[in-house]
Amino acid sequence: MKRIYVICLLLLTGFSATVAQKKKELSLPVTVHYCLPKVSFRVTAVLECTRLIPGPFRQDAERELGIRAEITEPGELWRVAELQIRPEYLPDEQAVYSVTASGDYAPVMLSLSPEGFLAGVSSGSRSVPREEWHVKYTLPVTAEEHEEEVDLTALKVYNPLKEVLDTNYIVQEIDGVEKKIWDPIVRYEKRTHREVMQGAVREIFRIKSEREKLVAGEGELPVGASLKTVLKELDRMEQEYFSLFLGKKEVYTIERTFSVLPGKEEEPVAIFRFSETEGVVERQNVTAVVYSLVVEQLSIPASGRGAAAPAAAIYYRVPATGEVKLINSFGELQRFRAVIPQEGTIQTLPAEVIANEGWTVEFHPEYGSLKSITKR
């Protein structure tokens, strides 16, 4: 019996030593890093391009139709159709902090957003909202796809061939008399540039004449066709023929996205430079119109920082607010109020007080500012 007691005592001693060793390992300091946010503005520009495509018969327009062709050379006309501005919050590399928990005081549990922003202290497992976003890419029209001139072969009304009758005679006996009878052979040849032009002129005037007759009630409609359908088809054909002389316009849009970090107060920050003939151009092109963001009327809260920060502290922001103006080289386009966290002040809360007093602290992750302080 005495021997069994000694063995149990040894086992308990060994178990106690093991538990003490594990407890010592668990009391090692653990450091968690977090950061405060800064705001940047994501600017999405919807750009509209109107392509000018001259017609192959532009030199003949005034002589044949009495209309001067305005589109004589290929080109592009750009305009900014829409600008969308939305804030996006990024980690501020100038505001990175850490909290170390050890056995000296109760641990401080931090809640972080997916970006690493501070969301709460001892606030439990509450979920932090995450922004849903997607990427959209619009394929731009490349130089190879551009028409330098209206393409005749792409038009439904274009027929490149003409019918040619060759002189051919055969000899036949009629009433006992041999006679030469004309028997034409039909073949097709490619029409010349001038023949195509003259044919287009004739078709334009024919279409106008047919339309006038139909509108006046003098023309005959094809069987089963409505007046509206026939007039629509005549308009389409007329536009195709006119494009050979007057040219045509094609319009398409593209989207470009820019990220802009606001500067100091009254300091404009360029978004992009824009040309009416080239669209978005290099920033070095000083002849182009520049679109910018500028912060004005910045309201910066007082720091209120008297004593030095405690050894273990939770850092948060009291953000600044201001007027953000969208401007270009000609003046102001629009303004809106926004929170500018990086221009605010940084304050502290003692980590030990939060842990010992049982506080629950929540923050606005996108601003780094206090949301609530409650006691558990």
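The rules behind these values
- Residues numbered from 1 in each chain as written.
- Predicted model: local features only at pLDDT ≥ 70, side-chain atom pairs only at ≥ 80, totals over all residues.
- Heavy atoms only, no water.
- Patch = residues over 30% accessible without salt bridge, like charges linked within 9 Å, V, L, I, M, F, W, Y side chains within 5 Å.
- Areas by Shrake-Rupley, 256 points an atom, 1.4 Å probe, with all protein chains shown as cover.
- Salt bridge = Lys/Arg side-chain N within 4 Å of Asp/Glu carboxyl O.
- Helix = DSSP H or I, 4+ residues; strand = E, 2+ residues; numbered from the N terminus.
- Buried < 20%, exposed > 50% of the residue type's maximum accessible area, 1.4 Å probe, protein only.
- Contact = heavy atoms within 4.5 Å.
- pLDDT = per-residue confidence, 0-100.
- Polar contact = N/O pair within 3.5 Å; in protein donor to acceptor, adjacent residues only side chain to side chain.

Caption draft 1: View of a nonpolar patch on the surface. On the surface, V30, V32 and L112 cluster together to form a nonpolar patch covering roughly 210 Å² of accessible area. Here V32 shows up in strand β1 (residues 30-53). Looking at V32, the relative accessible area reads 34%, which means it is partly exposed.

Caption draft 2: How the structure looks around the environment of I327. Position of I327 among the secondary structure elements: in strand β13 (residues 313-328). Along the backbone, I327 and I271 are 56 residues apart, and their C-alpha atoms lie at a distance of 9.8 Å. When near neighbours in sequence (up to four residues on either side) are disregarded, I327 contacts V290, Y291, S292, V294, E332 and L333.

Caption draft 3: Looking closely at the confidence of the model for the protein. Here the protein averages 80 in pLDDT, while 80% of its residues score no lower than 70. When pLDDT is averaged over each element of the protein, strand β10 (residues 269-275) comes out on top at 94 and helix α1 (residues 2-26) at the bottom at 39. Note that pLDDT drops below 50 for residues 1-24; the model gives that stretch zero contacts with residues more than four away or on any other chain.

Caption draft 4: Spatial organisation of the side chain of R317. Looking at where R317 falls in the secondary structure, it is placed in strand β13. Polar side-chain contacts of R317 include one of 3.1 Å to the backbone oxygen of P341. Among residues more than four places away in sequence, those in contact with R317 are L36, P37, D92, A95, P341, Q342, T345, I346, Y367, G368, S369 and L370.

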